[in-house]
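A structural walkthrough
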Amino acid sequence: MELILMERISTFLEAQWGRSDLMSILSALHAEDSRVIPLLGNSNALRALIARHPRRVSLTKDPAFGAEMAVLVTTNAQWQQQQQQASQAQRQEELQRQQVLQQQQQMQAAQQAAAARAQAEAEERTKAEAAQNKEGGKPVITDAPWFYADPQRNIQGPFRGEEMRQWFEAGDFKGDLP
């Protein structure tokens, strides 16, 4: 309701070259629509309404007459344009927030998918290694140097892992090595 009243006050002020005394505004509003009378019954109510909307109308004293004057700050057309711009800015901000949220969700989903793939691959490797060890497959060979203790308990090495594997497969190592 206040916005409608402020629109009517602004329209009146636009017709009055942007300024008018409060009593003239009040009389015009009452004459225009009697439903305004209970809402703005006196100049104090009008003053309070205008004070709540300083971006549209301001109050000042007229030094020549000593009367309190309402001065138009923003026309109705300017006000509507500002409101449309503010609304458009809000829509753009909301759209940007939604885009950021969507990007975050996509990144999170991609990270979860990558983690699931990595876990599945690790489980597959573990299963394959277990199956290979169960079937008596080749022992795991690393690039680290290999050592072994001979029957006299002397440490022999270092040897390459591939070399140790070949000796193992040839049966050069007995099960009783320490």
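A brief look at the structure comes next.

Rules of the game
- Residues numbered from 1 in each chain as written.
- Predicted model: local features only at pLDDT ≥ 70, side-chain atom pairs only at ≥ 80, totals over all residues.
- Heavy atoms only, no water.
- Core = buried A, V, L, I, M, F, W, Y, C linked by side-chain atoms within 4.5 Å.
- Buried < 20%, exposed > 50% of the residue type's maximum accessible area, 1.4 Å probe, protein only.
- Helix = DSSP H or I, 4+ residues; strand = E, 2+ residues; numbered from the N terminus.
- Arc of directions from axis to C-beta.
- Contact = heavy atoms within 4.5 Å.
- Axes fitted to C-alpha atoms, helices over the stretch in contact; angles between N-to-C directions.
- Left-handed = near helix turned anticlockwise from the far one by under 90°.
- Nonpolar A, V, L, I, M, F, W, Y, C, P; charged D, E, K, R; others polar.

**Some points on the nonpolar core**
Ranked by size, the top nonpolar core spans 17 residues in total, and within it Ile 9, Ile 25, Leu 40, Leu 46 and Val 57 carry the most contacts. Those elements that provide at least two residues to this core are α1 (2–15), α2 (22–32), α4 (43–51) and β3 (68–72). Element by element, the count of residues in this core is highest for α1, at five residues.

**Section: helix α6 (residues 161–169)**
Every buried residue belonging to α6 is among Gly 161, Met 164 and Arg 165, and all of these are buried. Projected down its long axis, α6 shows its buried positions confined to an angular sector of 100°, all on one face. Looking at the packing, one finds that the buried side of α6 touches β4 (146–149) and β5 (155–159).

**Some words on the packing of α1 against α2**
The contact between α1 and α2 brings their axes to 10 Å, and the two run at 115°. Viewed along their axes, α1 and α2 form a crossing whose handedness is right-handed. For the pair α1 and α2, contact is made by Arg 8, Ile 9, Phe 12 and Leu 13 and by Ser 24, Ile 25, Ala 28, Leu 29 and Glu 32, respectively. Looking at the contact of α1 with α2, its residues break down into six nonpolar, one polar and two charged.

**A closer look at α4**
The complete set of buried residues in α4 reads Leu 46, Leu 49 and Ile 50. The arc enclosing the buried residues of α4, seen along the axis, measures out at 95°, which places them on a common side. If you follow the buried residues of α4, they end up packed against α1, α2, β2 (57–61) and β3.

**A few points about the side chain of Ser 20**
Here Ser 20 is to be found in strand β1 (residues 19–21). Beyond its immediate chain neighbours, meaning those up to four positions away, Ser 20 contacts Phe 12, Leu 13, Ile 25, Glu 68, Met 69 and Ala 70.

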